[in-house]
Amino acid sequence: MQAQTDALPRRAALPWPPVSYRTRIRAWGVGFVLPTIAFFAFFKYGPMLWAFWLSFTSYDMMGTPRLVGFDNFTSIAHDPMFIQALGNTLVYIAGATIFITLVALGLALAVSQRVPGSRAYMSGMFLTNVMPIVAVCLVWRFLLHPHGLVNQMLSPFGFRRIDWLTDPSLAMGAIVGVTVWRFAPYFMVVFVAAIVAIPADFYEAAEIDGAARWGRFRHITIPLIMPQLFFVIVVSALLSARIFLMPFLITGGGPGGATRVLSMLVYETGFSYMKMGRAASISVALFAIAMVFTVLQMRLFMRGEED
Amino acid sequence: MDSRTSPSLVGRRGFLMTAAAAGVGAALPPSVPRVASAQQAPTRAPVKLTFWTWENPQQRPYQHRRIQQYTQQFPNISVEFQYFTFTDLGKKVSVGYATGTAPDGFATGDWLMPTWLSRKLIAPLDVSLLGYPSLDAFRNDHAEAFVAGSIQDGKAYGYPMWFYGLENWANTKQFKEVGLDPVRDEPKTWDELGEVAKRLTIKKGDRFERQGFKFAMHAAQWTMVQFNPILLQAGGQWFDRTGKCTVNNAAGVKAMQIRSSIAKKYGAEDPADSLATAPIPWMDWLKERCSMFSAVPMGPGAIKPINPAMESEGYYKAYLMPGVTADRRYSTCYGFNLVVNSQAPREKQEVLHHLYRYMMGDLIDCWRATTPFTFARKSGWTDHPDVRNAANIDAIIRAKDTGVFLPRTPVWNELADAMHRAVQKVMLANGDPRQALDEAAAEVDRATDEFKKS
């Protein structure tokens, strides 16, 4: 025994103090997420902080940024172009969010009826979301042309020519329509997943109790898909807040600035007018709007759940 | 040469021919740049350049061809060639500067020269590398008013290429169809244009089968090109001496009323039928969907691919743009400069000089490829038979020589966008011209103030 004990080599002392098992597990966890954190820090949060700092400077991309305090923010607050773009953005966010939610929910209810072919129909509708956005915008620009296919389809029903993209009162509605066409099927899938997960027993019980279709929808379907409803509203609002390509490609922000949204103003101010500091201040304003929307919606839904 | 000729006779002939060539060369004015010799490479080291230009069905392929020929002659030099739409090139270059991806050299419209110069984004040119002994020789060899926009503080910053004015292009077959004479009924004033356009218009219900005259509505640059001469003809100006935008004064309002009259007063234009859906602005005219269109010089090379019948039968004619009065007819003239990115390395800048000189070294070859786009350079092309025999050349050259320039301001983009919105408000939303111009002027003044502060 003595000889066996003497034969075992002594473990060399580690250069660092012994680490507990829990700490080691945590370190491994941090190590695994660190690349992702670094990625986001470098490509997402770093530029955000840089833009935030730029918003307090005057910077034309050639010299060095010059601190100007809140001058950019006070300037844009009195700028009619910013106010118009802000209004357009809010109208777009409200319109797109409401109609995306309604259309997606409607499509989901229709598709979840489990009629033959509903799955194929759902897959077909989802194609609108995977089409390249530039192609979508260019095709819709032709479809909504005064002599385009949409007007030609409407004219047999007695509709006169509609200037979808050149009438300032209609252009934003047209952009919202294209947005709904593109994104509603995506959120439809979210709703379908939620609806089919509702146990059929609830509907059977309600039917036995004499609840009509609308009552079953209002008191069973809506409450049980509330988390998904919240998700769709928040995400569609956030997507709408940062929309750029659709108004840029379809109307160019016209007519007369009627469809110019804040992200377009950021682009024009920064890259066309070479005022990066001012552009950054507009993007900070856009960020604030998105945050306000999100917080308001979260509070609204949380209050609803508490009730 | 006949191989049986005696060596001594060849020697004398050869001597005489060489002497004659030397004499002709000596007799040429010193301002004519010598074409870059194929033997004289700018450098032996490998150089990779990036060059951006704008899309035009004739000009862009010619530039590309010349660059390809250049890189074949000098294999150590490669050029990454990119092109963008005419309306987007300026913004694309701006974005390039913002992101550090601007090209080493690019072509720019002359109206953007103040934008680049005010921010020191382009480098001064060494005119000696372009074949000129002095700045004065360079200046004297180009249309003076045009080259003035590329010279600042005694240095040249742009090497001029094409330079031309806009004409009123008319479909003479359609003129005859409605009983108009293409010569006698040439519209000389805006009112005459409206009346002629009205007769040429064909409408079925609220749908235009054919528009009598069309302004391009799709891009801010085109809005400026078209509105500029009307404003000046009406007695207005873009800025006063203090730099304040004056487009919203009485002359500006009158100009806007003229601009909108073709659609609103004469019913000869559909402003909502935007040309944004056409690949080139003058497509509707080439497709005979409008009878007259204000456009750049067009020749067989531009017309034949789209409308072979129009080209072969020749039923098109270029008029001077109309005026407020018949004796004040002029259009906008503009052109393009080759410029060098001030941030490009010194060696690349020198090679770009060599490339640019090569690109514009053979104006007759350029003319043949891009007829009838005229040049800023005075010498070496105007008297050539190919030029004198080009269709509509008199109107084209007169438009260039009498044209007015776009306003040269460092806030050009802001001005163009503001005017574009103003025109859209009036044409598409029935907005009040005065109010629309007031808003545009206010936007420009804000932009000017911010530029001065920065």
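Residues numbered from 1 in each chain as written. Chains lettered and ligands numbered in written order. Predicted model: local features only at pLDDT ≥ 70, side-chain atom pairs only at ≥ 80, totals over all residues.

Turning next to the overall build of chain B. Counting its regular elements, chain B contains 19 helices and 12 strands. Taken over the C-alpha atoms alone, chain B extends approximately 80 × 60 × 35 Å along its principal axes. A burial count over chain B gives 51% of its 454 residues as buried. Put simply, 75% of the contacts in chain B that link residues at least 6 apart link residues at least 24 apart. (Helix = DSSP H or I, 4+ residues; strand = E, 2+ residues; numbered from the N terminus. Buried ≥ 20, exposed ≤ 12 C-beta atoms within 10 Å, placed from the backbone. Contact = placed C-beta atoms within 7 Å.)

Turning our eyes to something else, we now look at the sheet that holds strand β3 (residues 105–109) of chain B. Residues and elements named next belong to chain B. Strand order in this open sheet of five strands is β2-β1-β3-β12-β6, and the pairing throughout is mixed. What marks the edges here is a single partner per strand, and that holds for β2 (77–84) and β6 (159–165). Across the sheet, the mean angle separating the axes of adjacent strands is 15° when strand polarity is ignored. Alignment of β3 against strand β12 (residues 333–340), held across five bridges, turns out to be antiparallel. Paired with G109 across the two strands is F336, which belongs to β12. Along the sheet, helix α14 (residues 346–359) makes contact with β1 (47–54), β2, β3, β6 and β12, crossing β1 at roughly 55°. (Pairing = 2+ DSSP bridges. Axes fitted to C-alpha atoms, helices over the stretch in contact; angles between N-to-C directions.)

The next point concerns the interface of chain B and chain A. Contact with chain B, which involves 29 residues of that partner, is made by 29 residues of chain A. Looking at the side of chain B that touches chain A, the elements that each hand over two or more residues are α3 (89–99), α18 (412–428) and α19 (433–453) of chain B. Residue contributions to the side of chain B that touches chain A peak at seven residues, all from α18 of chain B. The class makeup of the residues in the side of chain B that touches chain A is nine nonpolar, seven polar and 13 charged. (Nonpolar A, V, L, I, M, F, W, Y, C, P; charged D, E, K, R; others polar.)

Let's shift gears to the domain arrangement of chain A. One can read the domain layout of chain A as domain 1 (16–54) and domain 2 (71–306). Measuring from the centre of the C-alpha atoms in domain 1 of chain A to the corresponding centre in domain 2 of chain A gives 34 Å. (Domains from an automatic or database assignment.)

Let us now look at the environment of I262 of chain B. Residue and element names in this part refer to chain B. Relative to the assigned elements, I262 resides in helix α10 (residues 250–264). Taking C-alpha positions, I262 is 8.3 Å from K214, a pair spaced 48 residues apart along the chain. If near-sequence neighbours (up to four positions away) are discounted, I262 is found in contact with L193, G194, A197, F213, A268 and E269.

Turning next to unusual backbone geometry. The step from G254 of chain A to P255 of chain A runs through a cis peptide bond, and the omega angle for that step is -5°. Its place among the elements puts P255 of chain A in the loop between α12 (245–250) and α13 (262–272). Following T371 of chain B, the chain continues to P372 of chain B via a peptide bond in cis, the omega torsion being 0°. On the secondary structure map, P372 of chain B appears in the loop between α15 (363–370) and α16 (385–388). Positive phi outside glycine occurs at N430 of chain B, with the angle close to 50°.

A few words on the pairing of β1 of chain B. Residue and element names in this part refer to chain B. In terms of residue burial, β1 counts as a mostly covered element, since six of its eight residues are buried. Examined bridge by bridge, β1 and β2 share eight bridges and lie parallel to one another. Within β2, the residue paired with W52 across the bridge is Q82. Assessed by its sense of winding, the connection that carries the chain from β1 through helix α2 (residues 59–73) to β2 is right-handed. (Right-handed = clockwise from strand over helix to strand, strands pointing away.)

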